Amino acid sequence: MNNEFGLVIVGDEILSGKRADKHMVKAIELLSARGLQLAWAEYVGDSPERITDTLRRAFAGSTPVFSCGGIGATPDDHTRQCAAAALGRPLALQPEAAALLRERMRDQAREQGVPYDPERPDNVHRLNMAVFPEGASIIPNPYNKVAGFSVGHVHFVPGFPVMAWPMIEWVLDTHYADRFRRAAYLEKSVIVLAGIEATLTPLMEAVERDHPQVKVFSLPSVDHPQWGRHIDLGVKGEPVAVEPAYQQLREGLRAFPVQLGPELVRGG
């Protein structure tokens, strides 16, 4: 079963540099802890056309996608409307999300010592945050009860990390537990000093061809403080498959006039 996920991060503030993105690093962490991996990530500003196009491609694919940001009810929040446009569906008040919002408004009124008035203009406006594409299901928000939503394999959460991250965890644990990798995982590699990727490519292809259950990786560096220009060349996958593939890789390197540095082993 495929264990890859995609990530869309929405907001002008990320692309302008006003805020540094933290979602991608955290998504990688949350996925990796469950034996899953981030296959791609895309940043998009607050342009309805671009957001709609990005989401249309996400819905058209089969990879589960998390979209962070833009689901509020201010003029620069477009994600809910763009999701509906990408799906060709109308927007509709989601009953569960609306009930949670009304519960939050009652809580706030009680904390402020004032009566709860559902018809007060600001309370009516807040209900826009429960307007999702028709047929959406909710993602609970443990921080403030303002729900996110899912439509199929695309999941929408706020841009605030304190809300988004536990919501992503809930989606993973609720909907994708069957994809969690429970087998051991291993990466083995060797530092190839002053190596040239193009020269080593045929060997890499041969290892992947002979051991289709592993992935071969090549991570070049040009200015490492210890090893200078080098390639971190190795294989990754389940240990029983990694060992013979790595041995073939090491044996194959003997045919090249390269100097090898230390071996690196990473497990999970």
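Residues numbered from 1 in each chain as written. Predicted model: local features only at pLDDT ≥ 70, side-chain atom pairs only at ≥ 80, totals over all residues. Heavy atoms only, no water.

### What about the side chain of Ser218?
At step 1: On the secondary structure map, Ser218 appears in strand 10 (residues 215-224).
At step 2: By relative accessible area, Ser218 is classed as buried at 16%.
At step 3: Polar side-chain contacts of Ser218 include one of 2.6 Å to the side chain of Glu197.
At step 4: Ignoring any residue separated from it by four or fewer positions in sequence, one finds Ser218 in contact with Glu197, Met204, Ile231, Asp232 and Leu233. (Helix = DSSP H or I, 4+ residues; strand = E, 2+ residues; numbered from the N terminus. Buried < 20%, exposed > 50% of the residue type's maximum accessible area, 1.4 Å probe, protein only. Polar contact = N/O pair within 3.5 Å; in protein donor to acceptor, adjacent residues only side chain to side chain. Contact = heavy atoms within 4.5 Å.)

### Observations concerning the side chain of Asp77
At step 1: With respect to the element layout, Asp77 can be found in the loop between strand 3 (65-68) and helix 4 (79-87).
At step 2: No salt bridge is formed by the buried Asp77, whose closest oppositely charged neighbour, Arg80, lies at an N-O distance of 6.6 Å.
At step 3: A polar contact of 3.3 Å, which involves the side chain of Asp77, links it to the backbone nitrogen of Ala73.
At step 4: Engagement of the side chain of Asp77 in a polar contact is seen with the side chain of Thr74, the distance being 2.6 Å.
At step 5: Those residues in contact with Asp77 that lie beyond four places of it in its chain are Gly70, Ile71 and Gly72. (Lys, Arg positive; Asp, Glu negative; His and termini not counted. Salt bridge = Lys/Arg side-chain N within 4 Å of Asp/Glu carboxyl O.)

### So, the sheet that holds strand 1 (residues 4-10)
At step 1: Pairing within the open sheet is mixed, and its 6 strands lie in the order 2-1-3-8-7-6. Of all the strands in the sheet, just strand 2 (37-44) and strand 6 (137-139) have a single pairing partner and so form its edges. Each neighbouring strand pair of the sheet contributes to a mean axis angle of 20°, computed without reference to strand direction.
At step 2: When strand 1 meets strand 3, the two strands line up parallel, connected through 4 bridges. Within the sheet, the bridge partner assigned to Gly6 lies in strand 3 and is Val65.
At step 3: Running over the sheet, helix 4 touches strand 1, strand 3, strand 7 (148-151) and strand 8 (154-157) and is turned about 10° from strand 7. (Pairing = 2+ DSSP bridges. Axes fitted to C-alpha atoms, helices over the stretch in contact; angles between N-to-C directions.)

### What about the state of the cysteines?
At step 1: As enumerated under the stated definition, the model contains 0 disulfides in all.
At step 2: The thiol of Cys68 is not disulfide-bonded; the next cysteine sulfur, from Cys82, is found 16 Å away.
At step 3: Judged by its relative accessible area of 1%, Cys68 falls in the buried class. (Disulfide = S-S within 2.5 Å.)

### Some thoughts on the packing of helix 8 (residues 197-210) against helix 9 (residues 239-253)
At step 1: Packing of helix 8 against helix 9 brings their axes to within 10 Å, and their N-to-C directions diverge by 155°. As summarised for this structure, helix 8 and helix 9 are arranged roughly antiparallel, according to the angle between their axes. Remark: the crossing between helix 8 and helix 9 carries right-handed chirality. Packed against helix 8, whose contacting residues are Leu200, Leu203, Ala206, Val207 and Asp210, the element helix 9 presents Ala245, Gln248, Leu249, Gly252 and Leu253 at the interface.
At step 2: A per-class count over the contact of helix 8 with helix 9 returns 7 nonpolar, 2 polar and 1 charged. (Parallel < 35°, antiparallel > 145°, perpendicular 65-115°, else oblique. Left-handed = near helix turned anticlockwise from the far one by under 90°. Nonpolar A, V, L, I, M, F, W, Y, C, P; charged D, E, K, R; others polar.)

### Structural notes on the nonpolar core
Burial of nonpolar side chains together is a common tendency in soluble globular proteins.
At step 1: Counting 29 residues, the largest nonpolar core has Leu55, Phe59, Leu101, Phe149 and Phe156 as the members making the most contacts within it.
At step 2: For this core, the secondary structure elements donating two or more residues are strand 1, helix 3 (48-60), helix 4, helix 5 (95-112), strand 7 and strand 8.
At step 3: With near-sequence residues (within four places) excluded, Phe156 lies in contact with Leu55, Phe59, Ser67, Ile71, Thr79, Ala83, Ile139, Gly148 and Phe149.
At step 4: Judged by nonpolar contacts, the second largest core, of 20 residues, contains Ile14, Leu30, Met163 and Ala164. (Core = buried A, V, L, I, M, F, W, Y, C linked by side-chain atoms within 4.5 Å.)

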